[in-house]
Amino acid sequence: MNWRKTSALALIFLFGAAILPIQSRLDTAARAAHFRKTAFDLNLRERIGQAGFLAALSGFRSPLAAILWIQAHTAWENTEWGRMAGIFDTVTTLQPRSILYWDMAAWHMAWNAAVAAMQNEKQPSEALRIRAQREYFRLGRDFLERGIINNPDRYQLRVQLGIVLRDKFEDHCAAADAFLKAAALPDAPSYCARFAGYEMAKCPGREREAYEHLRRLYLQGDSQRLPSLINLLRDMEKRLDIPQAERIDSSDQSDKT
Amino acid sequence: MKLLGVTLAIARNTFTELVRQKVFYFLLIFALLVIGNSAFMAKFSFQEQFQMLKDISLGAMSVFGSIIAILATANFLPKDMEDRTIYTILAKPVPRFSYLLGKLCGIFSLLAVSILLMSALFLAVLWIREGTVLAETRAQLQGGSAEEIAAAVKEVTTATFNINLIPGIVVIFFKSALLAALTLFLSTFATSSIFTILMATALYFIGHLQSTAREYWLAGVDVQWWSRILAALVSLLFPDLQAFNLTDDIIAGTAVPMALFAGTVGLGILYISVYFSLSALVFSGREL
């Protein structure tokens, strides 16, 4: 080895050492911006095999996730719900920032798989069918909750969680909280706040809070004054015995004057 | 000034030579992949279609970019020696570093043109698919309120184009350029192109593990001394290629902050400059 090659090697080491802080800073910035959140652990290695793991490590996480998603679609066509759940788990591990994958995985589990479990003709016991259905509801909810942990800055999965809690678990208090949290996030559509109010109204002990929330929305103007909101607000005014002067019709009049 | 002219002439020549080697035929495969993918995905929802189209296209762009970078760079030195063109060039007042820089610039041009063509093809397919989905959406919502139609159109357009795709594509170019510079460095002391290609491919995989090794080393986990030394060696010797993998998360909808994009591009330029300087250093003493 001549002196040039030795110097080149030494310079590489020196450069490697000098660049370490830059690399670490860039890595921290990337993680803060929600990049590189995939957990490359032995569990993932077992699920996608050695070649898949190598591909995922080499920057081909998204194509790999797309290929697995096609497999999940085939499993869906064959109504292999268990296999689908496993593939969804892998896809969401590979692409934890993809709202679409979390959302679709939860939808397939909480809606399609749950309905299929309830209509399963091979299972004569209704109790077991209901149990299987609840298990799929739980799986759907689990996908959404994990998706929210990975995407705390986006409203979409919180809305979906609210819908699952409302329609599948009939837990109106938790659904209201999910919609409220969604409404507080950037770009959240106006319906999130309304949905939070509707659910809060059904949550025992939070009627007053719901009334105040809905009234605040009503006072925001025409964009929030939808028939469902107005009807619910009128109903709550009666239930909570709100004085006539504070009711929305009178506030309408005071707006006009 | 004269040196710049020489370098540019070598770069132009390298680019023309690579084009004559029908390198762009790979675009046919890329086109088949993108258009075929788009046609095959018709049974999926439009969000799934767009996501998969982006996944496959950007993944393919990264693969093709890396392959072109490694193969084109690994071949030029042995080929120039075999053809004896290197002797004709270096017999003239052309410094060795100028020759290397010209060659590297020619390869960078090829990479830039390839990535531009692939991007144009990908964006065209995406645009056509968007047009089809928009027409279908409008037809389905005929008679609906203007607000409903606007919301549905917005949903389609948001799922299709994302301004962050552009920095993602730029970073793919810098990753390929970095691989080209690294391969050039290897080829300055390698004795055959096969050796260079194999080494560069191995470095490609090791480079993607560099950040993991660095984290392991710097975290100071209480493990055996030899495994810490190995992690330190990997961290210091190899480039961090994982830093250039932004597209996976961009496709998933993550926005790239300007500082992160600039930092990544800066890191790429730094790596390229260092690997080129080292190549020039080793090549200046090489017996031809």
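Values in this document were obtained by computation on a predicted structure and should not be read as measured data. (Residues numbered from 1 in each chain as written. Chains lettered and ligands numbered in written order. Predicted model: local features only at pLDDT ≥ 70, side-chain atom pairs only at ≥ 80, totals over all residues. Heavy atoms only, no water.)

Caption draft 1: Geometry of the pattern of salt bridges. Residue and element names in this part refer to chain A. In total, this model carries 21 salt bridges over all chains according to the counting rule given. Notably, a salt bridge pairs Asp27 with Arg31, separated by 3.4 Å at the nearest N-O pair. Within this pair, Asp27 and its partner Arg31 are both found in helix α1 (residues 3-32), separated by four residues, close to a single helical turn. Arg166 serves as the salt-bridge partner of Asp167, at 2.8 Å between the closest nitrogen and oxygen. (Salt bridge = Lys/Arg side-chain N within 4 Å of Asp/Glu carboxyl O. Helix = DSSP H or I, 4+ residues; strand = E, 2+ residues; numbered from the N terminus.)

Caption draft 2: Looking closely at unusual backbone geometry. Phi at A:Glu170 is positive, roughly 50°, even though this residue is not glycine. When you line up the elements, A:Glu170 lands in the loop between α7 (156-167) and α8 (172-183). Note on A:Glu170: relative accessible area 59%, which makes it exposed. One non-glycine residue with positive phi stands out, namely B:Arg84, at about 70°. (Buried < 20%, exposed > 50% of the residue type's maximum accessible area, 1.4 Å probe, protein only.)

Caption draft 3: Broad picture of the layout of surface pockets. Quantified by volume, the largest pocket comes out at close to 1700 Å³. Lining the largest pocket are 40 residues, with A:Ile99, A:Tyr155, A:Gln156, B:Glu155 and B:Thr158 sitting closest to its centre. Every element with two or more residues in the lining of the largest pocket is listed here: α5 (99-118) and α7 of chain A together with α3 (46-83) and α6 (146-160) of chain B. When its residues are assigned to classes, the lining of the largest pocket shows 19 nonpolar, 12 polar and nine charged. (1 Å grid on protein atoms, 1.4 Å probe; cavity = no way out; pocket = protein on both sides within 12 Å on 5 of 7 lines; lining within 4 Å. Points joined across faces, edges and corners; volume = space filled by probe spheres on them. Nonpolar A, V, L, I, M, F, W, Y, C, P; charged D, E, K, R; others polar.)

Caption draft 4: Highlighting the environment of A:Glu126. All names here are of chain A. Its location among the elements puts Glu126 in helix α6 (residues 126-150). For Glu126, a relative accessible area of 47% gives the class partly exposed. Considered as a pair, Glu126 and Leu94 are 32 residues apart in the sequence and their alpha carbons are 37 Å apart.

Caption draft 5: Examining empty space enclosed by the protein more closely. Enumeration over the complete set of coordinates arrives at four cavities of 30 Å³ or more. Reported here for the largest cavity is a volume of approximately 70 Å³. Considering the residues around the largest cavity, the lining is formed by 15 residues, among which A:Gly59, B:Leu58, B:Gly59, B:Ser62 and B:Thr247 are closest to the centre. Where the lining of the largest cavity is concerned, the elements lending two or more residues are α3 (61-77) of chain A together with α3, α7 (165-189) and α10 (247-251) of chain B. Per-element accounting of the lining of the largest cavity gives the leading share, four residues, to α3(B). For the lining of the largest cavity, the class distribution of residues is six nonpolar, six polar and three charged.

Caption draft 6: Up close: the packing of aromatic side chains. A complete count under the given rule lists 20 aromatic pairs over all chains for this structure. Their ring planes at 45° and their centres at 5.2 Å tell us that A:Tyr191 and A:Phe195 sit as a pair that is tilted. A residue pair is termed a helical-turn pair when its members lie 3 or 4 positions apart in one helix, as A:Tyr191 and A:Phe195 do in helix α9 (residues 191-201) at four residues. Looking at A:Tyr191, the relative accessible area reads 31%, which means it is partly exposed. The exposure class of A:Phe195 is partly exposed, given its relative accessible area of 22%. Among the aromatic residues, ring-to-ring pairing joins A:Phe15, B:Phe185, B:Phe189, B:Tyr271 and B:Tyr275 into one connected group. The ring of A:Phe169 carries the charged tip of A:Arg141 above its face, separated from the ring centre by 5.0 Å. (Phe/Tyr/Trp six-rings, centres within 6.5 Å; stacked < 30°, edge-to-face > 60°. Lys NZ or Arg CZ within 6 Å of the ring centre and 35° of its normal.)

Caption draft 7: Focus on helix α8 (residues 193-219) of chain B. Relative to the 39 Å expected for 27 residues at 1.5 Å per residue, α8(B) spans 38 Å between its end C-alpha atoms, a close match to the ideal helical length. Roughly 40° is the biggest bend found in α8(B), and it falls at B:Leu209. Looking at the buried positions of α8(B), the neighbouring elements they touch are α1 and α2 (42-57) of chain A together with α3, α7 and α9 (225-237) of chain B. Directly after α8(B), the chain includes B:Gly220, whose backbone phi takes a positive value near 65°. (Expected span 1.5 Å × (residues − 1). Bend = angle between axes of the 7 residues up to and from the residue. Contact = heavy atoms within 4.5 Å.)

Caption draft 8: Seen up close, helix α11 (residues 227-239) of chain A. A rise of 1.5 Å per residue sets the reference length of α11(A), with its 13 residues, at 18 Å; its end C-alpha atoms lie 18 Å apart and thus fit the reference within 8%. Remark: A:Asp241 follows α11(A) within two positions and exhibits a positive phi of approximately 55°.

Caption draft 9: View of the environment of A:Ala132. All names here are of chain A. The residue Ala132 is located in helix α6 in this model. Given a relative accessible area of 28%, Ala132 falls into the partly exposed group. A sequence separation of 15 residues divides Ala132 from Ala117, and the C-alpha atoms of the two residues are 5.9 Å apart.

Caption draft 10: Fine view of the interface of chain B and chain A. In this assembly, 55 residues from chain B lie in contact with 47 residues from chain A. Among the residues chain B hides against chain A, the three largest losses belong to B:Leu236, B:Asp248 and B:Asp249. Together they make up 14% of the total. For the pair chain B and chain A, the number of links is four salt bridges. The residue A:Arg61 makes a salt bridge to B:Asp248 at a minimum N-O spacing of 3.7 Å. Our count for the contact surface shared by chain B and chain A stands at 19 residue pairs in polar contact (both at pLDDT 80 or more). Elements with a minimum of two residues in the side of chain B that touches chain A: α3, α7, α8, α9, α10 and α11 (258-284) of chain B. The biggest single contributor to the side of chain B that touches chain A is α11(B), with 11 residues. Looking at the side of chain B that touches chain A, its residues break down into 32 nonpolar, 14 polar and nine charged. (Buried area = accessible area lost by both parts, 1.4 Å probe. Polar contact = N/O pair within 3.5 Å; in protein donor to acceptor, adjacent residues only side chain to side chain.)

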